[in-house]
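For reference, the chains in residue letters:
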Amino acid sequence: MHSVNQGAELEATERARVLSEYITREDAERILGCAKSTIYELMRSGELPYSNVGARRYIRRRDLFHLIEQGFNAPSLTPSDGAEK
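Notes on the structure follow. These numbers were taken from a predicted model, which means no experiment stands behind them. (Residues numbered from 1 in each chain as written. Predicted model: local features only at pLDDT ≥ 70, side-chain atom pairs only at ≥ 80, totals over all residues. Heavy atoms only, no water.)

As for the nonpolar core
- Core analysis: the largest hydrophobic core is formed by 12 residues, namely Ile23, Ala28, Leu32, Cys34, Ile39, Leu42, Met43, Leu48, Ile59, Leu64, Leu67 and Phe72.
- Among the elements of the structure, α2 (25-32), α3 (36-45) and α4 (61-69) are those that each provide at least two residues to this core.
- In terms of residue count, α3 provides more of this core than any other element does, 3 residues in total.
- Discounting residues that sit within four places of it in the chain, leucine 42 has contacts with Leu32, Glu47, Leu48, Leu67 and Phe72. (Core = buried A, V, L, I, M, F, W, Y, C linked by side-chain atoms within 4.5 Å. Buried < 20%, exposed > 50% of the residue type's maximum accessible area, 1.4 Å probe, protein only. Helix = DSSP H or I, 4+ residues; strand = E, 2+ residues; numbered from the N terminus. Contact = heavy atoms within 4.5 Å.)

Below is the structure:
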């Protein structure tokens, strides 16, 4: 039988393990090197599954890396006015 403290420690360990499987939208932006709007579009289209927890969106690490493996490239930042530099 586990003591109350051992049960709390096991629960905290399990919570930490689960949370380590997820990243925030901001983390996904940094990893992919893209804009917030790109992440939102990927989530809206279903290309990047996510979970809502309160007001925050979380992305499973494996889903993000699957997107990368499928050939995702961040849109290049080029002038939109057509002017050459």
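A short note on the packing of α2 against α3
- Relative orientation of the contacting elements α2 and α3 amounts to 110°, with a least axis distance of 9 Å. Here α2 lies roughly perpendicular to α3, going by the angle between them. Packed against α2, whose contacting residues are Arg25, Ala28, Glu29 and Leu32, the element α3 presents Lys36, Ile39, Tyr40, Leu42 and Met43 at the interface.
- Looking at side-chain class alone, the contact of α2 with α3 contains 6 nonpolar, no polar and 3 charged residues. (Axes fitted to C-alpha atoms, helices over the stretch in contact; angles between N-to-C directions. Parallel < 35°, antiparallel > 145°, perpendicular 65-115°, else oblique. Nonpolar A, V, L, I, M, F, W, Y, C, P; charged D, E, K, R; others polar.)

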